[in-house]
Amino acid sequence: MLKEKKSDYKWILIWVSGILCLMITSWNPYIQYDEAYTLALIQHKWSDVVRITALDVHPPFYYLLVKLFTLPFQGNMWAVRAFNLLPLMGMFFNGYWIVRRLWGEQTGLWFSFLSVFLPANMTYLLPEMRMYGLASHLVVSTYLMGCILTKERWDILSEKKTWCLFWIFGILAAYTQYYALIAVALVYIWMAAAMLFRARALRESFLWGARCRAWCISVVCSILVYFPWLLVLLRQFGEVKEDYWIPPITIANGLSYVLFPIYSFMPVVAGLLLAGIVFLLVVLELINVRKKEAAERKDWKTIGSGLFVYIGMIAVGVVVSVTIRPVFSVRYVKCGLGILVLCLSCFFANMARKKQLVLLVVLGLFALVNLTVSVGKSVKNFKAYEAMQAYAEEHFDQNTVLAFEEDGHYMGIFSHWFRKYPCVIPDEHWKDEYQAFSPALMMRSDYEREYGSLREKEFWTVDIGNVCLYHEWNRETWQYLEHSEPFVFCDQTEQLQCVFTHLSGASQ
């Protein structure tokens with residue numbers, strides 16, 4: 001009884017610290033362009049959310065779910081950040097209810113711990129107002145349902161319920177992110193291989209024949225349900241242009257895919273030091289693995305099949321990027337982080353207690369320092385944000401228009417931060433997916449058609465280039481009046497600055 005209470009304290013400690021970590025890392029007024037896109041898109045009607053998403057490069061499920069969750073709060077930014085608790089709670093549920101019962105207490109605890117404190121999860125996956133946290137949760141949930149089916153653990157869930165959840169998690173993942181779709185397809189392939197191997201071993205028994213039929217039904221139903229959006233996917237892929245933002249695959253890109261799980265708010269050197277310590281412990285464990293009993297090596301199949309899904313998802317993106325056109329970025333690795341967490345948990349849980357303790361201390365200290373750095377950046381961002389808002393309150397009025405030389409990082413951010421002022425960009429830089437930011441963001445021609453010439457307005461540019469130096473906008477010369485001091489924001493990996501420049505329509 002005392003041992004059970006001790007174990008319960010461990011679970012509670014992980015859950016509470018994980019939720020606190022998410023709250024602290026989310027406490028930041030600074031938003032990235034993609035997060036601004038999320039905040040802007042959910043302000044639209046339900047039908048428009050789907051229509052505009054079809055013009056972009058992602059499926060609509062995440063946006064629709066966030067819109068539903070934040071409906072009482074009218075899409076408030078802090079409500080959207082709070083939505084990130086749902087995938088985290090889902091991971092905790094998986095760790096306690098499924099992973100613990102399939103692979104044991106230690107594996108479940110490690111799964112819950114790494115779901116938060118794996119550096120990439122803590123820094124990128126959980127705090128971001130994007131679909132990747134949800135995608136990661138749905139992908140690993142699909143895989144866990146597959147594990148229940150292949151292990152025949154009907155004490156956890158009945159067979160029918162497991163098949164239903166296996167299909168539901170898979171189709172929702174596919175409607176959340178395209179690389180989640182690829183990961184789910186790989187889970188289906190692994191399931192087919194596992195069942196065929198088991199069927200041969202059992203001489204094609206009727207029972208496994210029934211499960212093969214259930215697998216086929218899941219595949220057919222998935223194709224039918226996903227087919228309408230599959231047409232959108234093919235059109236989106238066909239419309240990807242040569243100047244698409246994703247760069248070609250290079251050796252440096254490949255290295256970033258490998259190292260992404262250790263990315264943090266701190267310099268890369270800190271992550272490499274952490275990786276070195278973990279790698280050393282893993283090597284020492286592999287050297288001694290032959291001395292372990294067979295029961296302690298029971299998780300190798302899980303690790304192998306999990307890595308097949310995780311590495312396979314990345315490999316598909318790389319192959320398509322090399323052979324056809326660049327479509328894979330390091331950010332898409334996030335969709336498979338839940339699977340990687342499970343693989344690491346299965347490995348760490350079977351290590352000697354002293355090694356586990358060293359790992360726990362190292363990862364815990366790294367997380368604590370990373371969290372401290374995150375708080376420092378948030379404090380700086382709050383100060384910069386408040387200074388910017390104070391400047392705008394003093395200098396802007398009802399006739400103010402904010403202009404951007406071209407589409408870029410701050411275009412989306414400022415169209416959200418300053419929604420009460422019209423934002424315009426030159427017509428040549430407009431893209432269909434920018435409809436998400438409308439009506440706050442407009443083409444110059446549309447604005448002037450509705451409100452009159454910009455030269456008659458209080459015209460301010462957001463300096464994301466050399467506007468302040470050359471006093472030009474949209475290939476026109478404007479008279480310089482004044483500019484603000486730079487407002488410096490701390491992004492996840494760098495510092496970004498911007499300047500308001502007040503221009504007049506009168507020529508110099």
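Our subject is the structure that appears above.
Computed from a prediction, not measured in an experiment: that's the story for all the values here.

Enquirer: Sorry, what's going on with the overall build of the protein chain here?
Expert: Summing up its helical and strand segments, the protein chain has 20 helices and nine strands in all. A compact globule built from 508 residues would reach a C-alpha radius of gyration of about 23 Å, and the protein chain, at 25 Å, matches this within 12%. Taking the principal axes of its C-alpha atoms as reference, the protein chain extends roughly 85 × 50 × 45 Å. When the 508 residues of the protein chain are sorted by exposure, 52% land in the buried category. Accessible area of the protein chain: about 23900 Å², with a carbon and sulfur share of 65%. Looking at the protein chain, you have 45 positive and 42 negative side-chain charges, and the mean spots of the two groups are 17 Å apart.

Enquirer: How do you make sense of unusual backbone geometry when you look at a structure like this?
Expert: One can expect most non-glycine residues to show negative phi and most peptide bonds to be in trans. Backbone torsion omega between Ser438 and Pro439 reads 5°, so that peptide bond is classified as cis. Backbone geometry places Glu152, a non-glycine residue, at a positive phi of 55°. Within the element layout of this structure, Glu152 appears in the loop between helix H9 (132-151) and helix H10 (159-174). Taking the relative accessible area as the measure of exposure, Glu152 reaches 24% and is therefore partly exposed. Positive phi values are uncommon outside glycine, yet Asn474 reaches one of about 55°. Within the secondary structure layout, Asn474 lies in the loop between strand S5 (472-473) and strand S6 (476-477).

Enquirer: What am I meant to see in the side chain of His58 here?
Expert: Locating His58 in the fold gives a position in the loop between helix H3 (46-55) and helix H4 (61-69). His58 gets classed as buried once you look at its relative accessible area, which sits at 4%.

Enquirer: Could you clarify how one ought to interpret H4 in this entry?
Expert: Residues separated by three or four positions in an α-helix point in the same direction, a consequence of the helix having 3.6 residues per turn. Inspection of H4 places Tyr62, Tyr63, Val66 and Lys67 among the buried residues, and these make up the whole buried set. The buried residues of H4 all sit within an arc of 130° when viewed along its axis, so they share a single face.

Enquirer: Looking at this structure, how should I read the packing of aromatic side chains?
Expert: In this description, a pair of aromatic rings is defined by centroid distance and the angle of the planes. Applying the stated criterion to the full structure yields 54 aromatic pairs. Aromatic pair Tyr124 and Tyr263: ring centres 6.4 Å apart, planes at 55°, arrangement tilted. Of the two residues, Tyr124 is situated in helix H8 (residues 119-125) and Tyr263 in the loop between helix H13 (251-259) and helix H14 (268-287); the sequence distance between them amounts to 139 residues. For Tyr263, a relative accessible area of 24% translates into the label partly exposed. Positioned over the ring face of Trp46 is Lys67, at 5.3 Å from the centre of the ring.

Enquirer: Hey, could you run me through the pairing of strand S9 (residues 495-504) in this one?
Expert: In regular strands, side chains alternate between the two faces of the sheet. Within S9, seven of the ten residues are buried, which leaves the element mostly enclosed by the surrounding structure. Alignment of strand S4 (residues 458-463) against S9, held across five bridges, turns out to be antiparallel. Bridge pairing in S9 links Trp460 to His502. Across four bridges, the pairing between strand S7 (residues 479-483) and S9 is antiparallel. The residue bridging Gln479 from the neighbouring strand is Ser504, located in S9. Note: strand S8 (residues 487-490) against S9, four bridges, orientation antiparallel. From the neighbouring strand, Phe487 faces S9, where its bridge partner is Cys498. Linking S8 back to S9 in an antiparallel pair, the connection comprises four residues.

Enquirer: I would appreciate a short explanation of the packing of helix H15 (residues 300-323) against helix H16 (residues 337-349) in the present structure.
Expert: Helix packing for two helices is described by the angle between their axes and how far apart those axes are. It is the contact of H15 with H16, at a shortest axis distance of 9 Å, that shows an interaxial angle of 160°. With respect to their mutual orientation, H15 and H16 come out roughly antiparallel. Where H15 crosses over H16, the two elements pack in a sense that is left-handed. Contacts between H15 and H16 involve Trp300, Thr302, Ile303, Gly306, Leu307, Val309 and Tyr310 on the former and, on the latter, Leu337, Ile339, Leu340, Leu342, Cys343, Cys346 and Phe347. Within the contact of H15 with H16, the residues separate by chemical class into twelve nonpolar, two polar and no charged.

Enquirer: Looking at this structure, I do not really get helix H2 (residues 33-41). What am I missing?
Expert: With eight of nine residues buried, H2 lies mostly within the body of the structure. For H2, the set of buried residues is Tyr33, Glu35, Ala36, Tyr37, Thr38, Leu39, Ala40 and Leu41. Tucked inside the fold, the buried residues of H2 contact H3, H4, helix H5 (77-83) and helix H18 (409-417).

Enquirer: Please clarify how the pattern of salt bridges should be interpreted in this entry.
Expert: Think of it this way: side chains of opposite charge can pair up when their charged atoms draw near. A full pass over the atoms with the stated rule returns eleven salt bridges. Residue Arg81 pairs with Glu35 through a salt bridge whose shortest N-O separation is 3.8 Å. One end of the pair, Arg81, is in helix H5; the other, Glu35, is in helix H2, and 46 residues separate them in sequence. Across the pair, Glu35 and Arg81 agree in class, each one buried. Connected via shared salt-bridge partners are Arg444, Glu448, Arg455 and Glu476.

Enquirer: Would you explain a nonpolar patch on the surface in this entry?
Expert: On the surface, Tyr9, Ile12, Val16, Leu20, Met23, Ile24, Trp27, Trp78, Val375 and Val379 cluster together to form a nonpolar patch covering roughly 910 Å² of accessible area. Considering each element in turn, the nonpolar patch owes the most residues, six residues, to helix H1 (residues 2-26).

Enquirer: Is there a simple way to explain the nonpolar core in this structure?
Expert: It is characteristic of soluble globular proteins that their nonpolar side chains tend to be buried jointly. In this structure, Met388, Phe414, Trp417, Phe418, Phe437, Phe489 and Phe500 are the most contacted members of the largest nonpolar core, which totals 134 residues. Tallying contributions element by element places H9 first for this core, with twelve residues. Once residues lying within four places of it in the same chain are set aside, the contact partners of Phe489 are Tyr30, Asn381, Ala384, Tyr385, Met388, Tyr410, Trp417, Glu494, Gln495, Leu496 and Cys498. One finds Ala403, Tyr447, Trp473 and Trp478 within the second-largest nonpolar core, a separate group that totals ten residues.

Procedures and definitions
Residue indices follow the written sequence of each chain, beginning from 1 at its first position. At least 70 in pLDDT is required for a residue's local features to be given in this predicted model, at least 80 for side-chain atom pairs to be given and counted, and no such filter applies to totals for whole chains, interfaces and linings, which use all residues. Hydrogens are left out, water is left out, and the side-chain values use all remaining heavy atoms of the structure. Numbering goes from the N terminus for both helices and strands, where a helix is a DSSP run of H or I of at least four residues and a strand is a run of E of at least two. Restricting the calculation to C-alpha atoms gives the radius of gyration, and the globule rule supplies 2.2 Å times the number of residues raised to the power 0.38. For the exposure calls, accessible area comes from a 1.4 Å probe over protein chains only, and a residue counts as buried if that area is under 20% of its type's maximum, exposed if over 50%, partly exposed in between. Each accessible area value is a Shrake-Rupley result obtained with a 1.4 Å probe; residue values ignore everything except the protein chains displayed when judging cover. For the charge count, each Lys or Arg is scored as positive and each Asp or Glu as negative, with His and the chain ends excluded. Lysine's charge is taken at NZ, arginine's at CZ, aspartate's at CG and glutamate's at CD. In this description, the arc belongs to the directions extending from the helix axis to the C-beta atoms. Any pair of Phe, Tyr and Trp rings, taking the six-membered ring for Trp, is counted once the centres come within 6.5 Å. Such a pair is stacked with planes under 30 degrees apart, edge-to-face with planes over 60 apart, and tilted for the rest. Whether a charge sits over a ring depends on NZ of Lys or CZ of Arg being within 6 Å of the ring centre and within 35 degrees of the ring normal. Pairing between strands requires that DSSP locate at least two bridges from one strand to the other. Axis lines are fitted through C-alpha atoms, for helices just across the contact stretch, and the angle between N-to-C directions can take any value from 0 to 180 degrees. Any angle that falls under 35 degrees is termed roughly parallel, while one over 145 is termed roughly antiparallel, one within 65 to 115 roughly perpendicular, and all others oblique. Here is the rule for handedness: rotate from the far helix to the near one, and if that takes an anticlockwise turn smaller than a right angle the crossing is left-handed, while a clockwise turn gives right-handed. Two residues form a contact once any of their heavy atoms are found within 4.5 Å. Amino acids outside the nonpolar list (Ala, Val, Leu, Ile, Met, Phe, Trp, Tyr, Cys, Pro) and the charged list (Asp, Glu, Lys, Arg) are all regarded as polar, and Gly is one of them. We define a salt bridge as a side-chain nitrogen of Lys or Arg found within 4 Å of a carboxyl oxygen belonging to Asp or Glu. Patches draw on residues past 30% relative accessible area with no salt bridge. Two like charges within 9 Å are joined, as are two nonpolar side chains (Val, Leu, Ile, Met, Phe, Trp, Tyr) within 5 Å. Joining through side-chain atoms within 4.5 Å is the link that ties buried Ala, Val, Leu, Ile, Met, Phe, Trp, Tyr and Cys residues into a set, and such a set is a nonpolar core.

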